[in-house]
Amino acid sequence: DVRVLRQDAALWRLLGREVPSADALHEFLTLFHDEQEMSRRPQKGAFIPSENAALKALGVVNAELIHRAVSGSRPTLATLDLDATIIESHKRGALGHYKGGRGYQPTAVLWAEQDVALADQYRDGNVPAGMNTKEVAQRAFSALPTSVKQRRFRGDSACYDEKLLKWLCQQKIAFTVSADMSPELRAVCMSSTAHWQLFEDRPHEVVSLSEVEFTPGIWPKNAPALRYIALRFSGKQGRLFSDGKETKYLAVVSNRDELSAAELIGWHWEKAGTIEHLHDVTKNDLAGRLPPSGRFGANAAWYRLNLLTYNVLTVLKRHALPERLRSARPKRLRFEVFTVP
């Protein structure tokens, strides 16, 4: 790819300098790797290395981009969606992940209203998605501009963590998080105290919801009460779920009390169109799925550069291109915009 770019004389003129060689770019990426820090990685178990100064500085560049992009509108609301994604890789240093393959499992946080990635943390494939979610969320919220006063958060069951939930409540951040279906919570869902109402009638299943009373064992008695919305999926015409049962239960926990149960679930599910879109674009339209090095720090920088590219394209679409291209993916932008020169 770099050799092709180096043959483009017009690109040279736009940049005002020669395109670096592949070797030079690879050498640049190695500056983000800290071999001494990686020597601390144990033979077994999960390990998240600390970022060196170069990698932290790349995050500062991204935060500065976001602040400049929204400075004119001074937004007051920010909904942050946190999620991890698997990047398959057969590099020698890649470790096994929970789906059976090998690779990496970075976590990213998206500002839903602005469609920009605020923070990320690159991780080995064996690092659980629920590890250190509080630290990643804190980093993302700290990257918001000071104009934001109304803060919200959404996460899957990896975010069902005592430290994160307590911090969100202490910071008065409105949230919804998918709850672990523990035996105790399942028993509440299956008891006669649950009053179910129809939520969605789908072709192959019926979805019902019920607000249930449940207090996790980790929750202090003097802390604000949390809402638990249970969901029951009933298969039609003998349909069985993956566990061989006709009925499946899920639950969402929240500290928001201004919405009805149905509204709360609807808002929670909206994250499927935000953070999962970010993962899809960065891995399939950009180059996030192709770690270029055997060095962990270089791959972490590569992933962060892909998120930075995603943000640059968002700014381009929102500030410089016609409204019809506001939701355009990179492939469409290549055909309609980037090939014009």
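Look up a bit, the structure's there.
Bear in mind that the values here come from a model prediction, so they are computed numbers and not experimental data. (Residues numbered from 1 in each chain as written. Predicted model: local features only at pLDDT ≥ 70, side-chain atom pairs only at ≥ 80, totals over all residues. Heavy atoms only, no water.)

Visitor: Any chance you could break down the side chain of Ser178 for me, citing the residues and the numbers?
Guide: Mapped onto the elements, Ser178 comes out in strand 8 (residues 174-178). Within the local environment of Ser178, its side chain forms a polar contact with the side chain of His268, the two groups lying 3.0 Å apart. If sequence neighbours within four positions are ignored, Ser178 has contacts with Gly155, Asp156, Ser157, Tyr160, Ala251, Val252 and His268. (Helix = DSSP H or I, 4+ residues; strand = E, 2+ residues; numbered from the N terminus. Polar contact = N/O pair within 3.5 Å; in protein donor to acceptor, adjacent residues only side chain to side chain. Contact = heavy atoms within 4.5 Å.)

Visitor: Lay out helix 8 (residues 183-190) in plain terms, naming residues and giving numbers.
Guide: Residues of helix 8 that are buried include every one of Leu185, Val188 and Cys189, and no others. All buried residues of helix 8 lie within an arc of 100° about the axis, which places them on one face of the element. Away from its buried face by more than 90 degrees, helix 8 exposes Pro183, Glu184 and Met190. Lining the buried residues of helix 8 we find strand 10 (205-212), strand 11 (227-235) and strand 12 (247-254). (Buried < 20%, exposed > 50% of the residue type's maximum accessible area, 1.4 Å probe, protein only. Arc of directions from axis to C-beta.)

Visitor: Go over the environment of Glu336 with me, naming the residues and quoting the values.
Guide: Looking at where Glu336 falls in the secondary structure, it is placed in helix 12 (residues 330-338). Taking relative accessible area as the criterion, Glu336 reaches 32% and is therefore assigned partly exposed. Distance from Glu336 to Val312, taken between C-alpha atoms, is 17 Å for residues 24 residues apart in sequence. Here Arg324 takes part through its side chain, which lies 2.8 Å from a polar atom of the side chain of Glu336.

Visitor: Quick one: what's the story with the sheet that holds strand 3 (residues 95-96), residue by residue and with numbers?
Guide: The three strands lie next to each other as 2-4-3, forming an open sheet whose pairing is antiparallel. Two strands lie at the open edges of the sheet, namely strand 2 (87-88) and strand 3, each paired on one side alone. (Pairing = 2+ DSSP bridges.)

Visitor: An account of the pattern of salt bridges is requested, with residue identities and associated values reported.
Guide: Enumeration over the complete set of coordinates arrives at 19 salt bridges. For the salt bridge of Glu37 with Arg40, the shortest nitrogen-to-oxygen distance reads 2.6 Å. Under the relative-accessibility criterion, Glu37 is labelled buried at 13%. The partner of Arg68 in a salt bridge is Glu64, with the nearest N and O atoms 2.8 Å apart. Residue Arg68 and its partner Glu64 are located together in helix 5 (residues 53-70), separated by four residues, close to a single helical turn. The class of Arg68 is exposed, set by a relative accessible area of 62%. For Glu64, a relative accessible area of 38% puts it in the partly exposed group. (Salt bridge = Lys/Arg side-chain N within 4 Å of Asp/Glu carboxyl O.)

Visitor: Got a sec to walk through the packing of helix 6 (residues 133-142) against helix 7 (residues 162-170)? Specific residues and values, please.
Guide: Contact pair helix 6 / helix 7: the axes reach a minimum separation of 8 Å and the direction vectors enclose 35°. In this structure, helix 6 contributes Thr133, Lys134, Ala137, Gln138 and Phe141 to the contact, and helix 7 contributes Lys163, Leu164, Trp167 and Leu168. Its residues placed into classes, the contact of helix 6 with helix 7 shows five nonpolar, two polar and two charged. (Axes fitted to C-alpha atoms, helices over the stretch in contact; angles between N-to-C directions. Nonpolar A, V, L, I, M, F, W, Y, C, P; charged D, E, K, R; others polar.)

Visitor: I'd like a rundown of the packing of aromatic side chains, residues and numbers included.
Guide: What characterises a pair of aromatic rings is the spacing of the ring centres plus the angle enclosed by the ring planes. Considering all chains together, one arrives at ten aromatic pairs under this definition. Measuring from ring centre to ring centre gives 5.1 Å for Phe214 and Tyr228, while their planes differ by 80°; the resulting arrangement is edge-to-face. Here Phe214 is found in the loop between strand 10 and strand 11, whereas its partner Tyr228 is found in strand 11, with 14 residues between them in sequence. Given the relative accessible area of 16%, Phe214 is considered buried. Here the aromatic residues Tyr104, Tyr122, Phe296 and Tyr303 are joined through ring pairs into a cluster of three or more. The ring centre of Trp267 lies 4.8 Å from the NZ or CZ of Arg154, which sits over that ring. For Arg256, the ring lying beneath its charged end belongs to Trp267, and the centroid distance is 4.6 Å. (Phe/Tyr/Trp six-rings, centres within 6.5 Å; stacked < 30°, edge-to-face > 60°. Lys NZ or Arg CZ within 6 Å of the ring centre and 35° of its normal.)

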